[in-house]
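Working through the structure, step by step
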Amino acid sequence: MNGYQEFYDFMEEYTCFFQDAADLEEEKLAALLSDDLHRIERALMEHQRVTKQIEQYELRRAQLQERLGIGGKTFREIIDLTDGAERQDLKFLFSAFEAAIQCIKHANARSLDIARLNLRILDEISPVGITDPQLYDQHGVSADTMGKSVNLLHKQV
């Protein structure tokens, strides 16, 4: 295959990126389980960063494949275009690539399950309407307490 080494090097870099992303997905899951808001926020920001990087990698991959004359082909189809040692190397790389993606999918699915469970729990324990954003102003003050003094220290008993 023409451009084999360039394609292999790019896909190896992309695979390493997905392996790192899998670790970050596991951290996101651990953050959700920890109930540590700062940790959760950090993990979600990392998730957004990784999502943007995936978009960039996909654009670069598509451009590379077009340039090499294999545009629109899947990784498996590209493997089928090779033989010998190149084919074996790409198969091994594909296995690592696929494993990293499966780890990400698994951790992400577990994270979504935990987030849904936490939302369901909040919904069940919260008084009706307390989470309605229309009940609060831009400072987080409840519409029920606006204009009222809620200083309990000045209240006579």
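Going by the structure above, here's the rest.
Residues numbered from 1 in each chain as written. Predicted model: local features only at pLDDT ≥ 70, side-chain atom pairs only at ≥ 80, totals over all residues. Heavy atoms only, no water.

Put simply, helix α1 (residues 4-34) and helix α4 (residues 84-125) touch, their axes get as near as 8 Å, and they point 20 degrees apart. With respect to their mutual orientation, α1 and α4 come out roughly parallel. Between α1 and α4 the crossing geometry is left-handed. Taken together, the residues of the contact of α1 with α4 sort by class into 21 nonpolar, 5 polar and 7 charged. (Axes fitted to C-alpha atoms, helices over the stretch in contact; angles between N-to-C directions. Helix = DSSP H or I, 4+ residues; strand = E, 2+ residues; numbered from the N terminus. Parallel < 35°, antiparallel > 145°, perpendicular 65-115°, else oblique. Left-handed = near helix turned anticlockwise from the far one by under 90°. Nonpolar A, V, L, I, M, F, W, Y, C, P; charged D, E, K, R; others polar.)

Attention now goes to the side chain of K28. Within the fold, K28 resides in helix α1. In terms of polar contacts, K28 uses its side chain to reach the side chain of N108, at 2.9 Å. Residues in contact with K28, not counting those within four places in the same chain, are A43, L44, H47, N108 and S111. (Polar contact = N/O pair within 3.5 Å; in protein donor to acceptor, adjacent residues only side chain to side chain. Contact = heavy atoms within 4.5 Å.)

Bringing the nonpolar core into the picture now. Membership of the largest hydrophobic core comes to 24 residues, with the highest contact counts inside it found for F7, M11, Y14, F18, F75 and L90. At the level of elements, α1, α2 (37-67), α3 (75-80) and α4 are the ones that each hand at least two residues to this core. The element best represented in this core is α1, accounting for 10 residues. Leave out the neighbours within four places in its chain, and F75 touches F7, M11, L90, L93, F94 and F97. (Core = buried A, V, L, I, M, F, W, Y, C linked by side-chain atoms within 4.5 Å. Buried < 20%, exposed > 50% of the residue type's maximum accessible area, 1.4 Å probe, protein only.)

A cluster of nonpolar residues, L117, L119, I121, L122 and I125, forms a patch on the protein surface that exposes about 490 Å² of accessible area. Considering the arrangement of structural elements, one finds L122 in helix α4. (Patch = residues over 30% accessible without salt bridge, like charges linked within 9 Å, V, L, I, M, F, W, Y side chains within 5 Å. Areas by Shrake-Rupley, 256 points an atom, 1.4 Å probe, with all protein chains shown as cover. Salt bridge = Lys/Arg side-chain N within 4 Å of Asp/Glu carboxyl O.)

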